[in-house]
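Listed here are the chains, written in short residue letters.
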Amino acid sequence: KAGVTQTPRYLIKTRGQQVTLSCSPISGHRSVSWYQQTPGQGLQFLFEYFSETQRNKGNFPGRFSGRQFSNSRSEMNVSTLELGDSALYLCASSLREQSEWGGSYTFGSGTRLTVV
Amino acid sequence: AQSVAQPEDQVNVAEGNPLTVKCTYSVSGNPYLFWYVQYPNRGLQFLLKYITGDNLVKGSYGFEAEFNKSQTSFHLKKPSALVSDSALYFCAVRGDSGSARQLTFGSGTQLTVLP
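Residues numbered from 1 in each chain as written. Chains lettered and ligands numbered in written order. Predicted model: local features only at pLDDT ≥ 70, side-chain atom pairs only at ≥ 80, totals over all residues. Heavy atoms only, no water.

## A look at the overall build of chain A
Going by this rule: Strands are runs of DSSP state E lasting at least two residues, helices are runs of H or I lasting at least four, and both sets are numbered from the N terminus onward. The reference for a compact globule is 2.2 Å times residues^0.38; the radius of gyration itself is calculated from the C-alpha atoms. Only protein chains enter the accessibility calculation, which uses a 1.4 Å probe. A residue is then buried if its area is under 20% of the maximum for its type, exposed if over 50%, and partly exposed in between.
Scanning chain A from terminus to terminus reveals zero helices and 11 strands. Start at the N end of chain A and walk to the C end: the helices and strands fall as β-β-β-β-β-β-β-β-β-β-β. Relative to a compact globule of 116 residues, whose C-alpha radius of gyration would be 13 Å, chain A shows 13 Å and is just as compact. In terms of overall dimensions, chain A has a C-alpha envelope of 35 × 30 × 25 Å along the principal axes. Residue burial in chain A is summarised as follows: out of 116 residues, 51% are buried.

This is the structure:
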């Protein structure tokens, strides 16, 4: 079966612009979690969506937002981009929401965002 | 809040030698523990998990991990390293109650297996 699909794979944006990233989970998975990965900070939790509702949010400014559609696909948006937003953005899908799921997660290959 | 510590940013080992990647954790309640591996320009791949039962967990690609409750550790091991094992390894923990039920990752350990 198809894995987790993230688009686009690479993106270059200018400071001040906004960007939208997309994540399509494995068929049947209803939870999508987003992470920011940087060399200095490791893997930082952004937010989790389950059944079109945000279930949990990490410690990121309001410029980072997301949503989930009825088919479980999720998008994250970053407005007013800063140089420090350059990172690999990963999404992970699971059958149930994190608080109810003790199993493994399936990750996409990520979107590499570069802000110049 | 729970936390995961991977004390070594980098681990180098010769091919054919045993390898260990260290992980310690802090979480309220019983821990759910995971190891993931990341190859360059790829997402994380699940290796193995511990939820309950035998303290020695066997996973993909010949990896195993030992859960030690008294030392709050979950070290990843492999008896004989391969060059293809070179990658970034992440340990993750989740508790079984309240706000601890969110998955938290360590900072990662870069494993390099030298030919």
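This is not the end of the story, as more comes after the structure.
## Comments concerning the nonpolar core
The line we're drawing: What makes a nonpolar core is a set of buried Ala, Val, Leu, Ile, Met, Phe, Trp, Tyr and Cys residues whose side-chain atoms join them at distances within 4.5 Å. Contacts are assigned to residue pairs that have any heavy atoms within 4.5 Å of one another.
Core analysis: the largest hydrophobic core is formed by 27 residues, its most contacted members being B:Trp35, B:Leu47, B:Leu48, B:Phe74, B:Leu76 and B:Tyr89. Where this core is concerned, the elements lending two or more residues are β2 (10–14), β3 (19–21), β5 (32–38), β6 (44–50), β8 (64–68), β9 (73–78), β10 (87–94) and β12 (109–114) of chain B. Sorting elements by how many residues they give to this core places β10(B) first, with four residues. Discounting chain neighbours no more than four positions away, the residues touching B:Leu76 are B:Leu19, B:Thr20, B:Val21, B:Trp35, B:Leu47, B:Leu48, B:Phe63, B:Glu64, B:Ala65 and B:Tyr89. The next biggest cluster of nonpolar side chains, apart from the first, holds 21 residues, and it includes A:Val19, A:Val32, A:Phe47 and A:Val115.

## A closer look at the interface of chain B and chain A
Which entries qualify depends on this criterion: Defined here as a combined quantity, buried area equals the accessible surface (1.4 Å probe) lost by two parts on assembly, summed across both. When a carboxyl oxygen of Asp or Glu lies within 4 Å of a side-chain nitrogen of Lys or Arg, that pair is called a salt bridge. Polar contact criterion, stated in full: a pair of N or O atoms within 3.5 Å, where within protein one must be able to donate a hydrogen and the other to accept it, and residues adjacent in sequence count only if both atoms are side-chain atoms.
Listed as interface residues are 19 residues of chain B and, on the opposing side, 22 residues of chain A. Interface area for chain B against chain A, summed over the two sides, is near 1600 Å², with a carbon-plus-sulfur share of 49%. Our enumeration of links across chain B and chain A arrives at zero salt bridges. For the interface between chain B and chain A, the tally reads two residue pairs in polar contact (both at pLDDT 80 or more). Sorting the residues of the side of chain B that touches chain A by element identifies β5, β6 and β10 of chain B as the ones contributing at least two each.

## Brief notes about the side chain of A:Arg63
Considering the arrangement of structural elements, one finds A:Arg63 in the loop between β6 (53–57) and β7 (64–68). Apart from residues no more than four positions distant in its own chain, A:Arg63 is found in contact with A:Asn77, A:Val78, A:Ser79, A:Thr80, A:Leu81, A:Glu82 and A:Asp85.

## Some thoughts on the pairing of β6(B)
All names here are of chain B. Operational definition: At least two DSSP bridges between two strands are needed for those strands to be called paired.
The pairing of β5 with β6 spans six bridges and is antiparallel. Residue pairing across strands places Leu33 opposite Tyr50, the latter belonging to β6. Linking β5 back to β6 in an antiparallel pair, the connection comprises five residues, with Asn41 at a positive phi of about 60°.

Note that every value here comes from positions in space, so none of it alone points to a role or purpose.
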